[in-house]
Amino acid sequence: MTTAFQESNLKSAMLINSAYGKYLATPYDFGAGVATMSGPLKPGLVYETEITDYLQFLCSTGYNISTIKLISKTLPNNFSCPTNSSAESVSNMNYPSMAISISTEEETKQVTRTLTNIGEEEEAVYTARITAPDALRVRVTPKTLKFTSRVKKLSYQVTFKATSSERELFGLITWTNGWYKVRSPFVVTSPFNTKLLVTFYANGSIKKKCSFLGPYNTCSLATTRKNAMIDNSAI
């Protein structure tokens, strides 16, 4: 993840200049925040990612065992891709950031993460704080994690449900014990409400159509004769 300030020097929302004009910056532009020199030395909690997590990531993106062996020279004994591997399984990789895709307005998605306490205090209680837009319902279960000298690892689940037609919704989950703050940024995308940029011939027939992704799009505006923004349901 890249690191950058999330506000301008004037403490206002950061704007991005593009060929299509200015737009508000998102985590896609400024990343997960600013890295400090001392923070990584004493993180408090960490998301440990094992070799099998990366191998299962490859399984989820469509690679078979034969191809994975070409990428990874050594595999754990008896490793095989889960039978239910799919692109959605990638969201459950034990990584700090979360990327969720919701295909319908009524759909909910749940992901699981596991935190490991490496802080100076073995007895530690962390509470989750959720920062999310009104158009997104986010629930963390449990909202409190209690680590002890014997319990170093604890898991939690996050449930997402979008309640608007916005394509991308960004937020943040922060675990804190009053001293440490462990942040996990997330983005929820909703392909079902993607607009389409449609190019028409002079006679009204459709010449070209493509997904419109915020300030960018995959169609060449220079060659269009007539452009219109319409809903997916209209085609």
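The model shown is predicted, which means the values in this text are computed figures rather than measured ones.

Scoring rules and cut-offs
- Note on numbering: residues in each chain are counted from 1, in written sequence order.
- The model is predicted, so local features are restricted to residues of pLDDT at least 70 and side-chain atom pairs to those at 80 or more, both for listing and for counting; the totals for chains, interfaces and linings are taken over all residues.
- Side-chain measures were taken over the full set of non-hydrogen atoms in the model, leaving aside hydrogen atoms and water.
- Secondary structure elements are taken from DSSP: a helix is a run of H or I of four residues or more, a strand is a run of E of two residues or more, and numbering for both begins at the N terminus.
- Accessibility here uses a 1.4 Å probe with only protein chains present; expressed as a share of the type maximum, an area under 20% marks a residue as buried, one over 50% as exposed, and anything in between as partly exposed.
- In this description, contact between two residues means that some pair of their heavy atoms is separated by no more than 4.5 Å.
- Note on areas: Shrake-Rupley, 1.4 Å probe, and residue coverage restricted to the protein chains presented here.
- We call two strands paired when DSSP finds no fewer than two bridges between them.
- We define a salt bridge as a contact between a side-chain nitrogen of Lys or Arg and a carboxyl oxygen of Asp or Glu at a distance within 4 Å.
- Side-chain rings of Phe, Tyr and Trp (the six-membered ring for Trp) are treated as a pair once their centres are within 6.5 Å; stacked means planes under 30 degrees apart, edge-to-face means over 60, and tilted covers the remaining angles.

**Quick notes on the overall build of the protein chain**
So, step 1. What the protein chain contains, in helices and strands, is three helices and 15 strands.
So, step 2. Looking at the protein chain residue by residue over its 235 residues, the buried ones come to 32%.
So, step 3. Considering only contacts within the protein chain whose residues lie at least 6 apart along the sequence, 62% involve residues at least 24 apart.
So, step 4. Summed over its atoms, the accessible surface of the protein chain is roughly 14,800 Å², and 54% of this surface lies on carbon and sulfur atoms.

**Re the pairing of strand 7 (residues 136-141)**
Both faces of the sheet carry side chains from a regular strand, because those side chains alternate between them.
So, step 1. Side chains of strand 7 alternate between two faces, with Leu-136, Val-138 and Val-140 buried and Arg-137, Arg-139 and Thr-141 left unburied.
So, step 2. As paired strands, strand 7 and strand 9 (residues 153-162) are joined by six bridges and run antiparallel to one another. Across the sheet, residue Arg-137 finds its bridge partner in strand 9, namely Lys-161.

**Looking at the pattern of salt bridges**
So, step 1. Tallied over the entire structure, the rule returns three salt bridges.
So, step 2. Salt-bridge contacts for Lys-153 lead to Glu-48; the nearest nitrogen and oxygen are separated by 2.3 Å. With Lys-153 in strand 9 and Glu-48 in the loop between strand 3 (45-46) and helix 2 (51-60), the pair connects residues that are 105 residues apart, well separated along the chain.
So, step 3. On the basis of relative accessible area, Glu-48 is assigned to the partly exposed category, the value being 34%.

**Section: the environment of Gly-62**
So, step 1. Within the element layout of this structure, Gly-62 appears in the loop between helix 2 and helix 3 (65-71).
So, step 2. Classification of Gly-62 by relative accessible area gives exposed; the value is 64%.
So, step 3. Sequence separation between Gly-62 and Ala-87 is 25 residues, and the spatial gap between their C-alpha atoms is 7.8 Å.

**Remarks on the sheet that holds strand 7**
So, step 1. The strand order 3-5-9-7 describes an open sheet built from four strands, whose pairing is antiparallel. Only two strands of the sheet have a single partner each, and these edge strands are strand 3 and strand 7.
So, step 2. As paired elements, strand 5 (residues 109-117) and strand 9 share eight bridges and run antiparallel to each other. Its bridge partner lying in strand 9, Lys-109 is registered against Phe-160.

**Side note on the packing of aromatic side chains**
So, step 1. Scanning the model with the defined rule gives three aromatic pairs in all.
So, step 2. A centroid spacing of 5.1 Å and a plane angle of 65 degrees characterise the contact between Phe-160 and Phe-186, whose relative ring orientation is edge-to-face. Linking Phe-160 in strand 9 with Phe-186 in strand 11 (residues 181-189), this pair joins segments that are 26 residues apart in sequence.
So, step 3. Classification of Phe-160 by relative accessible area gives buried; the value is 0%.

Don't take any of this as a statement about function, it's just geometry.
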